[in-house]
Amino acid sequence: MYCVTIKDKQVSNYENIYQILKLKVDSIFVIDYDAITHRYLNLKLYDELAKFFELTVMNYPETENDLMDTIINGASVVVINNNLTYNRIAKYLDSTQNIAMKYKYIDTCIYFSEKGGNMYLTDKEIMLPYALAYSYNGFPVKNSVQLQNFPTNLMD
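To keep things clear, this report deals only with the structure shown in the data block. (Residues numbered from 1 in each chain as written. Predicted model: local features only at pLDDT ≥ 70, side-chain atom pairs only at ≥ 80, totals over all residues. Heavy atoms only, no water.)

With that settled, the discussion passes to the pattern of salt bridges. If charged atoms from side chains of opposite charge come close, those side chains can pair. Summed over all chains, the structure comprises 5 salt bridges. Residue E62 is joined to R39 by a salt bridge in which the shortest nitrogen-to-oxygen separation is 3.6 Å. Remark: R39 occurs in the loop between α2 (33–38) and α3 (43–50) and E62 occurs in the loop between β4 (54–58) and α4 (64–72); sequence separation between them is 23 residues. Classification of E62 by relative accessible area gives partly exposed; the value is 40%. Among the charged side chains, a network of salt bridges with common partners joins R39, E62 and D66. (Salt bridge = Lys/Arg side-chain N within 4 Å of Asp/Glu carboxyl O. Helix = DSSP H or I, 4+ residues; strand = E, 2+ residues; numbered from the N terminus. Buried < 20%, exposed > 50% of the residue type's maximum accessible area, 1.4 Å probe, protein only.)

Together, Y18, L21 and F52 give the surface a local cluster of nonpolar side chains, amounting to about 310 Å² of exposed area. Looking at the secondary structure, you find F52 in the loop between α3 and β4. (Patch = residues over 30% accessible without salt bridge, like charges linked within 9 Å, V, L, I, M, F, W, Y side chains within 5 Å. Areas by Shrake-Rupley, 256 points an atom, 1.4 Å probe, with all protein chains shown as cover.)

Scope: geometric values only; no functional claims are made or implied.
What follows is the structure in structure tokens.
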């Protein structure tokens, strides 16, 4: 799955949507730097991209409204950060099961799994039950989607 990055309210790693369409893919992995670094969700861009592709959006929503706005504007799956409180994780999973969590802090991932979360973003083997993993950095994971062009600055 190809990664499409958004910075400064525009797609930054492709000149335009036509370049992305030339990839001849049905789904893309959207990384919204504006949301991750400045809490600005590019909802209009999600909506535009969703007209052509199924979207997995990595924007690390900080509120339930951010999560739901992302889904309403075209995301099939939303990637959440791993540093959320247990209460917030539970609220997110009460709202939707279409959430993938960054696989980093194992205690948070265990809680996510216990509450029904079953998708992860990872560069290592997952030691919990899961249905799907988005794998970056070329790491082979069973039941995974390999991400192409995942930004190295997000590989921590």
